[in-house]
Amino acid sequence: MEDRLKRHDLTDAEWERLAPLLPVNPRQGGRWADHRTVINGVFFRVRTNITWRDLPPWYGNWKTVYNRHRRWSMDGTWEKILDGLRAGCDEAEGEDWTVSVDSTVARAHQHAAGARREPPADIPSKGTA
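Residues numbered from 1 in each chain as written. Predicted model: local features only at pLDDT ≥ 70, side-chain atom pairs only at ≥ 80, totals over all residues. Heavy atoms only, no water.

### Some words on the overall build of the chain
Here is step 1 of the chain: Counting its regular elements, the chain contains six helices and zero strands.
Here is step 2 of the chain: Starting at the N terminus and walking to the C terminus, you meet the elements of the chain as α-α-α-α-α-α.
Here is step 3 of the chain: Each of the 129 residues in the chain was classed as buried or not, and the buried ones make up 18%.
Here is step 4 of the chain: Across the chain, the fraction of contacts at a sequence separation of at least 24, relative to all contacts at a separation of at least 6, is 51%. (Helix = DSSP H or I, 4+ residues; strand = E, 2+ residues; numbered from the N terminus. Buried < 20%, exposed > 50% of the residue type's maximum accessible area, 1.4 Å probe, protein only. Contact = heavy atoms within 4.5 Å.)

As structure tokens, then:
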């Protein structure tokens, strides 16, 4: 595989932090394909916005990557992984850590709301001349 295509794959340090949060092989059925390869395939697909079928072969069978991503999305595994990665992040910031939220509202001008359903009263209808 070319280095330019591999530059966004998980590093060894990232993998060491992520690996303990991943589910183990299921009790029934065969072993899962390598988690690291599959996750790198998901990341590549999301980053490049390609179709699943166009996933490069070094990430394994595209259907395997798709099925794992879909299964983990539906059963909440991705959320559990994210929660595990976020655990303890706030503690490192110290007690002065704050959250700032911007709640900007943008409203369209009243004339941008769309076409009227009925013609204005001061404009004659098409039937009268």
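Alright, that's what it looks like, and here's the rest.
### Observations regarding the pattern of salt bridges
Here is step 1 of the chain: Under the defined criterion, the tally for this structure stands at two salt bridges.
Here is step 2 of the chain: The shortest N-O distance in the salt bridge between Asp12 and Arg36 comes to 3.0 Å. Residue Asp12 is located in helix H2 (residues 12-18), and its partner Arg36 is located in helix H3 (residues 35-48); the two are separated by 24 residues in the primary sequence.
Here is step 3 of the chain: Residue Asp83 is joined to Arg86 by a salt bridge in which the shortest nitrogen-to-oxygen separation is 2.5 Å. With Asp83 and Arg86 both in helix H5 (residues 77-86), this residue pair falls three residues apart, about one helical turn.
Here is step 4 of the chain: Note on Arg86: relative accessible area 47%, which makes it partly exposed. (Salt bridge = Lys/Arg side-chain N within 4 Å of Asp/Glu carboxyl O.)

### Details of the packing of aromatic side chains
Here is step 1 of the chain: Enumeration over the complete set of coordinates arrives at four aromatic pairs.
Here is step 2 of the chain: Their ring planes at 35 degrees and their centres at 5.4 Å tell us that Phe44 and Tyr59 sit as a pair that is tilted. Of this pair, Phe44 sits in helix H3 while Tyr59 is found in the loop between H3 and helix H4 (62-75), placing the two residues 15 residues apart along the sequence.
Here is step 3 of the chain: With a centroid separation of 5.5 Å and an interplanar angle of 70 degrees, the aromatic rings of Trp52 and Tyr66 are classed as edge-to-face. Here Trp52, found in the loop between H3 and H4, pairs with Tyr66, found in helix H4; they are 14 residues apart in sequence, far enough to count as distant.
Here is step 4 of the chain: The class for Trp52 is buried, based on a relative accessible area of 13%.
Here is step 5 of the chain: What makes Tyr66 partly exposed here is its relative accessible area of 25%.
Here is step 6 of the chain: Chaining the aromatic ring pairs together yields one cluster made of Phe44, Trp58 and Tyr59. (Phe/Tyr/Trp six-rings, centres within 6.5 Å; stacked < 30°, edge-to-face > 60°.)

### Some details on the packing of H3 against H4
Here is step 1 of the chain: Here H3 crosses H4 at 85 degrees, and the two axes come no closer than 9 Å. It follows from the interaxial angle that H3 and H4 lie roughly perpendicular. In contact with His35, Val38, Ile39, Gly41 and Val42 of H3, H4 contributes Thr64, Val65, Arg68, His69 and Trp72.
Here is step 2 of the chain: Grouping the constituent residues of the contact of H3 with H4 by class yields five nonpolar, four polar and one charged. (Axes fitted to C-alpha atoms, helices over the stretch in contact; angles between N-to-C directions. Parallel < 35°, antiparallel > 145°, perpendicular 65-115°, else oblique. Nonpolar A, V, L, I, M, F, W, Y, C, P; charged D, E, K, R; others polar.)

### Let's talk about the environment of Arg17
Here is step 1 of the chain: With respect to the helices and strands, Arg17 occurs in helix H2.
Here is step 2 of the chain: Judged by its relative accessible area of 47%, Arg17 is partly exposed.
Here is step 3 of the chain: Once the C-alpha coordinates of Arg17 and Leu85 are considered, the two residues, 68 residues apart in sequence, prove to be 7.8 Å apart.

### Description of the confidence of the model for the chain
Here is step 1 of the chain: Averaged over all residues, the pLDDT of the chain is 80; the fraction at 70 or higher stands at 69%.
Here is step 2 of the chain: The lowest-confidence element of the chain is helix H1 (residues 3-6), averaging 62 in pLDDT; the highest-confidence one is H4, averaging 93. (pLDDT = per-residue confidence, 0-100.)

### A look at the side chain of Thr77
Here is step 1 of the chain: Summarising the element assignment, Thr77 is placed in helix H5.
Here is step 2 of the chain: Of the residues examined, Thr77 reaches a relative accessible area of 9% and is grouped as buried.
Here is step 3 of the chain: Beyond its immediate chain neighbours, meaning those up to four positions away, Thr77 contacts Pro23 and Trp72.

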